Amino acid sequence: METTSFTYKTGPCSDVLIIGGGLAGMYSALAAAESGAAVRILCKSKTGGSGNSVVAMSVHRFAPDAPGLREDYRRRFLASGAGQQDAELAAFFVDHAAAAMERLRGLGLPLEYRTLSENGGEYPYLACCSPKQGRILTKAVREKLNEYPNIAVEDGVTVCDILTENGRAQGVLALCGGEMRVYPAKTMILCCGGAGNVYAATSNTRDVTGDGYAMAYQAGAVLRDMEFCQHEPCRAIWPKPLGISTTLLAKGGILTNSLGERFVLKDYPTEGAAPKDALAKIICREIKEGRGTEHGGVWLDLTGLPEDEIKVNHSLYYERFIREGIDLTKECVEVAPAAHSMMGGVEVDTDCAAAVPGLFAAGEVMGGLHGANRLGGNAGAEVYVFGSICGKSAAHYAGSIPGNDGLNDAPEVTIDSGSGCMTERLQDVIDAVREKLGTALSPLREGWELREALAFVEACSDSLEKMEKTDFESAGLLFAAKNVCLLGKLMLVAALERKESRGVHGRVEFPESDDAFAHRSIRFSKANGTQFA
């Protein structure tokens, strides 16, 4: 079969190369630039205008400076993780979040402090934008990048592989338009988000595909807690997938199954009283046991709420649904759980350093902070605490690397000029794997389903490995397909190994938590395989 030789374009060596253009990536860039490093951001979409940062509610939950409040927050935070958090990361986060919020306000960003109403109490735990829209912060931080001449931004760049040499991360292989490029670097930061689109149904933006986890693993990093994925309990599934907040349940919204039963009342006094992780499992149970709606969900009924509660206080959702021809004040909608936030990820220390020298991680791609579940709002605060530390740590590490110590050899990739485009075939593999994972890795998992899905994903992975050559047009999809298969296998194995229910991970055969699994994490690495310790 005829192949073409390919010449790589190689860019200048960066001190700090950041993969991802959301808030974690941009905030890391600011910290690294302030430390004097030459920084480059690579984003496959648009820096400051893509990823979950843009669509987040911009509510940041943190521990105030007051000692009593801080200890109360620490207790709540550790309880939410169900004994699975990295103790040092958790302590660092609790103790440094208040200062991180103050630094954020010091940048002139529109944050105000508010109280959190929870379990009948009021707690000064929130820093919010007004209105609560993530794009307000992402736009402001993106504009801040322009003030630093030592920050370069390249959008439309899909990073495919982390390049290691002499035992450390030294650059990446990336696709940009019709070119393949090598970006050398003294050190690298992964800030490319979670893995929502490994699932068929997700609240995440389309560019959040789990690439960071897969690339880190292939480079030699350790992944931990990959069985823990938080699901948003109520995402509209018909007539169009649309996000909606479960806070409307606390205002009086109700859920019913196909029999008209308010099924949540079997376990909780009201729908609004059920925590998100429990509610997702309860809804999943109704669907699995055959009491779901026509399109595989349950009914969300908000018609009993005062119109102002929906039209004024939750105007974001009202307007979103009205644009699709649905009036939430008059109509019920079908909803089901959707993958929302990964708890697991790349294992790092409190400097955000991974097991691979020269590789750092911050944001959702980082694992160990949240344990088995995440408190709402903590993901926002996490970005600023660890984004800042990550940027400083990477800049410090880069300062220890000699200026001429870079990559010596470009990686080998064969581009087949004669096979024709395989885009449709590869996309079919990705879609099939996502559907299988979405079913097997729901909030309520069953062993037979996990094993069946694992066999399917392994077969798909084997078929991809036989594709020794690909045309250039399909190269990006081939990397994406291999990544989704790799992540699927790791997540399925972790879910099978954890023979208990804990946090967001529910097993039908093992409905209770088991002390034998407490404070133990399932870790994956190429060097040591699967470890449970």
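Up top is the structure these notes are about.
Residues numbered from 1 in each chain as written. Predicted model: local features only at pLDDT ≥ 70, side-chain atom pairs only at ≥ 80, totals over all residues. Heavy atoms only, no water.

## Notes on the sheet that holds strand S20 (residues 366-367)
Phase 1: Read across the sheet, five strands follow the order S20-S18-S12-S24-S25 without closing on themselves; strand pairing throughout is mixed. Because the sheet does not close on itself, it has two edges, and the strands there are S20 and strand S25 (529-532). (Pairing = 2+ DSSP bridges. Helix = DSSP H or I, 4+ residues; strand = E, 2+ residues; numbered from the N terminus.)

## Re the side chain of aspartate 327
Phase 1: Its location among the elements puts aspartate 327 in the loop between helix H10 (315-322) and strand S17 (333-342).
Phase 2: Only 2.6 Å separates the side chain of aspartate 327 from the side chain of threonine 329, close enough to count as a polar contact.
Phase 3: Among residues more than four places away in sequence, those in contact with aspartate 327 are Tyr318 and Ile322. (Polar contact = N/O pair within 3.5 Å; in protein donor to acceptor, adjacent residues only side chain to side chain. Contact = heavy atoms within 4.5 Å.)

## Let's talk about the sheet that holds strand S14 (residues 242-243)
Phase 1: Pairing is antiparallel in the open sheet, where five strands are placed in the order S14-S13-S17-S16-S15. Each edge of the open sheet is held by one strand with a lone partner, namely S14 and strand S15 (254-256).
Phase 2: When strand S16 (residues 298-301) meets S17, the two strands line up antiparallel, connected through three bridges. From the neighbouring strand, leucine 300 faces S17, where its bridge partner is valine 333.

## Regarding the pattern of salt bridges
Phase 1: In the structure shown here, the tally under the stated rule is 32 salt bridges.
Phase 2: In this structure, arginine 291 and glutamate 286 form a salt bridge, with 2.8 Å as the shortest nitrogen-oxygen distance. Each member of the pair, arginine 291 together with glutamate 286, is buried.
Phase 3: A single network of salt bridges, built from pairs that share partners, joins Lys266, Asp267, Arg285, Glu286, Glu289 and Arg291. (Salt bridge = Lys/Arg side-chain N within 4 Å of Asp/Glu carboxyl O. Buried < 20%, exposed > 50% of the residue type's maximum accessible area, 1.4 Å probe, protein only.)

## Structural notes on the packing of helix H12 (residues 423-440) against helix H13 (residues 447-465)
Phase 1: Here H12 crosses H13 at 165 degrees, and the two axes come no closer than 9 Å. The orientation of H12 relative to H13 falls into the category roughly antiparallel. H12 and H13 meet at a crossing whose hand is left-handed. The residues of H13 that touch H12, namely those facing Leu426, Val429, Ala432, Val433, Lys436, Leu437, Thr439 and Ala440, are Glu449, Leu450, Glu452, Ala453, Phe456, Val457, Cys460 and Leu464.
Phase 2: For the contact of H12 with H13, the per-class residue count stands at 12 nonpolar, one polar and three charged. (Axes fitted to C-alpha atoms, helices over the stretch in contact; angles between N-to-C directions. Parallel < 35°, antiparallel > 145°, perpendicular 65-115°, else oblique. Left-handed = near helix turned anticlockwise from the far one by under 90°. Nonpolar A, V, L, I, M, F, W, Y, C, P; charged D, E, K, R; others polar.)

## Some remarks on the state of the cysteines
Phase 1: Taken as a whole, this structure holds zero disulfides when the rule is applied.
Phase 2: The closest cysteine sulfur to the non-disulfide-bonded cysteine 13 is located on cysteine 390, 17 Å from its own sulfur. (Disulfide = S-S within 2.5 Å.)

## As for the packing of H13 against helix H14 (residues 475-497)
Helix packing geometry: the angle between the two helix axes and the distance between the axes.
Phase 1: Running from amino to carboxyl end, H13 crosses H14 at an angle of 150 degrees, the nearest separation of the two axes being 9 Å. Classified by the angle their axes make, H13 and H14 are roughly antiparallel. Note that H13 runs across H14; the crossing there is left-handed. Contacts between H13 and H14 pair Gly447, Leu450, Arg451, Ala453, Leu454, Val457, Glu458, Cys460, Ser461, Leu464 and Glu465 from the former with Leu478, Ala481, Lys482, Cys485, Lys489, Leu492, Val493, Ala495 and Leu496 from the latter.
Phase 2: Of the residues assigned to the contact of H13 with H14, the class counts are 13 nonpolar, two polar and five charged.

## A look at H13
Phase 1: Its 19 residues give H13 an end-to-end C-alpha distance of 27 Å, which sits within 8% of 27 Å, the value for a rise of 1.5 Å per residue.
Phase 2: Every buried residue of H13 is accounted for by Gly447, Glu449, Leu450, Ala453, Leu454, Val457, Cys460, Ser461 and Leu464. Seen end-on, H13 carries its buried residues on one side only, within an arc spanning 145 degrees.
Phase 3: In this fold, the buried residues of H13 make contact with helix H8 (276-288), H12, strand S22 (444-445), H14 and strand S23 (506-507). (Expected span 1.5 Å × (residues − 1). Arc of directions from axis to C-beta.)

## Thoughts on the layout of surface pockets
Phase 1: By volume, the second largest pocket is sized at about 670 Å³.
Phase 2: Broken down by secondary-structure element, the contributors of at least two residues to the lining of the second largest pocket are strand S13 (229-238), H8, S17, H12 and H13.
Phase 3: Looking at the lining of the second largest pocket residue by residue, the class counts come to 14 nonpolar, six polar and six charged. (1 Å grid on protein atoms, 1.4 Å probe; cavity = no way out; pocket = protein on both sides within 12 Å on 5 of 7 lines; lining within 4 Å. Points joined across faces, edges and corners; volume = space filled by probe spheres on them.)

## Notes on unusual backbone geometry
Phase 1: In this structure, proline 239 follows tryptophan 238 across a cis peptide bond, with omega equal to 5 degrees.
Phase 2: Locating proline 239 in the fold gives a position in the loop between S13 and S14.
Phase 3: One non-glycine residue, alanine 82, adopts positive backbone phi at about 55 degrees.
Phase 4: Of note, alanine 82 is situated in the loop between helix H3 (67-80) and helix H4 (87-106).
Phase 5: Residue classification places alanine 82 among the partly exposed positions, given a relative accessible area of 24%.
Phase 6: Its identity is not glycine, yet cysteine 352 carries a phi of approximately 70 degrees, on the positive side.

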